Amino acid sequence: MARSSAGSSDWERQRRQQAREAERQRRAAEAAAKAAKQAKREQRIAARKAEAERRTNEISARAKQLESILSTGLRHDPRINFESLKRRPSPPVFDAGTHPEAESQPEWEQYAPSQPGVFGALFGGRERHQQRVAEAHMAHRKAVQEWRAAEYRRRQRLDAARRDHEEAARRQIAEAVEHNRRVDRLAAEFTGRDPATVERLLGVILDRVPLPNDFPRRAEVTYSKESEQALVQVQLPGRDVVPTVRGYRYVQSRDELQAVPRPAKEIGELYRLLLAQLALLVIRVLFVADPRLASVGFNGHVDATNPGTGQSEYPCLISLAVKLSAFREINLHRVRPEACLRHLRALVSPHPYDLEPITPILDFDLTKFSFVEGMDAVSTLDSRPDLMKMNPTEFEHLVRQIFEAMGVESWTTERSYDDGVDAVVVNRSPLLGRLSIVQAKRYKNAIGPNHIRELSGAIEEKKAGHGILVTTSWFTARSWQKAREHGRIELIDGNRLRYLIKEHLGKDVLIGVKRPRTATTGPTEYEK
């Protein structure tokens, strides 16, 4: 019985030890799991904090980038160096080493058999030696023939390669000469102040101004040779380039990144500062690139959508005109951009971030036209109400007066200077303001699609926003279709012209044109 009791006690003791060990392992596992969970939580917190810091740093860097647009641009040299545009050909010297070298001509000694010994000669060796000599001569002649053929082919390949190299060198030199000739011609046209060349080169220069990659690159330049003035219309970056938050912070209780909003006043001030810097930078680039300019005009617009109408608009937010003499007195490295604009008497939107428009100081692209003094063509209608009895000049002035009566500014162009443009119309509305070119056709026959293509080309050449074709006759169906396809051309036929004269000039006129019944008609809103 004593042994049984002792065995039971040992078993019980082992069981308790095992239980204690199991409990210890369980607690250790729980502690390890808790520690791992805590470590994972701490890692996530650290990662989220790092992400908040990274995003905050990115926003801070963006804000600093916007604040330093001018200082960054001042390090850029926009001067035009025509010599640097030229090519200086340096074709490589022909390297014959890239082709296999000539092999040595097979020598007789390489094939000649050795002389037979004394004993060999006694036992028929002389005859065998003569036979081997004959065979060796044949082998040597064959080897020489093969060598000559191979050498001939090698020389042919080498000569062909040398001719190709010389031809490539001549072509490279010819291309360089032609390229340099074009550069010289470009330089001569620029020096000679060819308007199209000046505009094109200044446009290229503006396209290379160091700006953030997400900024628009649309800049249109018009140049007046008579006044040595460049007027540039620039698309400004939209409001979305300004970060609306200052940064991010990590809210541990909700495990989320929370944006720290940037005050509305600060957003507006940063956007205004950005526009001021861009205006000064563009003007500086133009004056440095073309020192012969006497003045530079700047109109800064932004693409926008009217929240009330949903229509696209292009409001002007900043406009100024600067003479070179005034700009030379400014140290852009030390100015405060907005104060500098006030000094230059710039016109700036009171609330640019709200896209509140202004009327530009200068009319973009009007320098492309030569205007004549207006004449009163309406008064002639009292005695000659038939428009077909007017001469072409009187008809053009009549068309101008119609637009003036409609409340927009208009001018008649000189016939010898503005081929394809008879009048220019400007709508001064800050939001919808645009320049339109007008063609006036005192015709008695139908106007075909060729006239629509002609007006389309004039719109592009003059960088106008819109084109209007006015005629005393009518338009073919294809003409109406071409105008609709273009999207920026309006057609006014004889019927509508009579209506507009009655509506805005108070005159009943005749048009002595026999309009066929089959003549097509476009929009009829004016007849309603």
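In the block above lies the structure referred to throughout.
What you see is a predicted model, and the numbers here were worked out from it, not measured in a lab. (Residues numbered from 1 in each chain as written. Predicted model: local features only at pLDDT ≥ 70, side-chain atom pairs only at ≥ 80, totals over all residues. Heavy atoms only, no water.)

Colleague: Describe the pairing of strand β15 (residues 489–492), and please don't skip the residues or the numbers.
Modeller: Both strand β14 (residues 466–471) and β15 contribute to a ladder of 4 bridges, which runs parallel. Bridge pairing in β15 links Val 470 to Ile 492. For the handedness criterion, the β-α-β arrangement of β14, helix α11 (residues 477–486) and β15 is classed as right-handed. (Pairing = 2+ DSSP bridges. Helix = DSSP H or I, 4+ residues; strand = E, 2+ residues; numbered from the N terminus. Right-handed = clockwise from strand over helix to strand, strands pointing away.)

Colleague: Can you lay out the nonpolar core for me, pointing to particular residues and giving the numbers?
Modeller: Judged by nonpolar contacts, the single largest core of 60 residues is most densely connected at Phe 298 and Leu 320. The leading source of residues in this core is helix α6 (residues 264–289), at 16 residues. Excluding its chain neighbours within four sequence positions, the residues that come into contact with Phe 298 are Leu 231, Val 232, Val 234, Leu 236, Leu 278, Ala 279, Val 282, Ile 283, Ile 318, Ser 319 and Leu 320. Grouped together as the second largest cluster of nonpolar side chains are 22 residues, Ile 402, Ala 440, Ile 492 and Ala 519 included. (Core = buried A, V, L, I, M, F, W, Y, C linked by side-chain atoms within 4.5 Å. Buried < 20%, exposed > 50% of the residue type's maximum accessible area, 1.4 Å probe, protein only. Contact = heavy atoms within 4.5 Å.)

Colleague: Residues and numbers for the environment of Thr 521, please.
Modeller: By secondary structure assignment, the location of Thr 521 is in the segment after α12 (494–505). Separated by 45 residues in sequence, Thr 521 and Thr 476 place their C-alpha atoms 8.3 Å apart.

Colleague: Residue-level account of empty space enclosed by the protein, with values.
Modeller: Summed over the entire model, instances satisfying the criterion amount to 1 cavity of 30 Å³ or more. In this model, the largest cavity occupies a volume close to 170 Å³. Lining the largest cavity are 15 residues; nearest its centre among them are Leu 211, Pro 216, Val 234, Gln 235 and Val 282. Broken down by secondary-structure element, the contributors of at least two residues to the lining of the largest cavity are β2 (229–235) and α6. Looking at the lining of the largest cavity residue by residue, the class counts come to 12 nonpolar, 1 polar and 2 charged. (1 Å grid on protein atoms, 1.4 Å probe; cavity = no way out; pocket = protein on both sides within 12 Å on 5 of 7 lines; lining within 4 Å. Points joined across faces, edges and corners; volume = space filled by probe spheres on them. Nonpolar A, V, L, I, M, F, W, Y, C, P; charged D, E, K, R; others polar.)

Colleague: Talk me through unusual backbone geometry; I want residue IDs and the actual numbers.
Modeller: The residue Glu 228 is not glycine, and still its phi comes out positive at about 50 degrees. By the secondary structure assignment, Glu 228 is in the loop between β1 (219–224) and β2. For Glu 228, a relative accessible area of 14% corresponds to the buried category. A positive phi angle is found at Asp 255, which is not glycine, with a value near 50 degrees. Following the sequence through the fold, Asp 255 ends up in the loop between β3 (245–251) and β4 (256–261).

Purely spatial values, then, with no claim about function.
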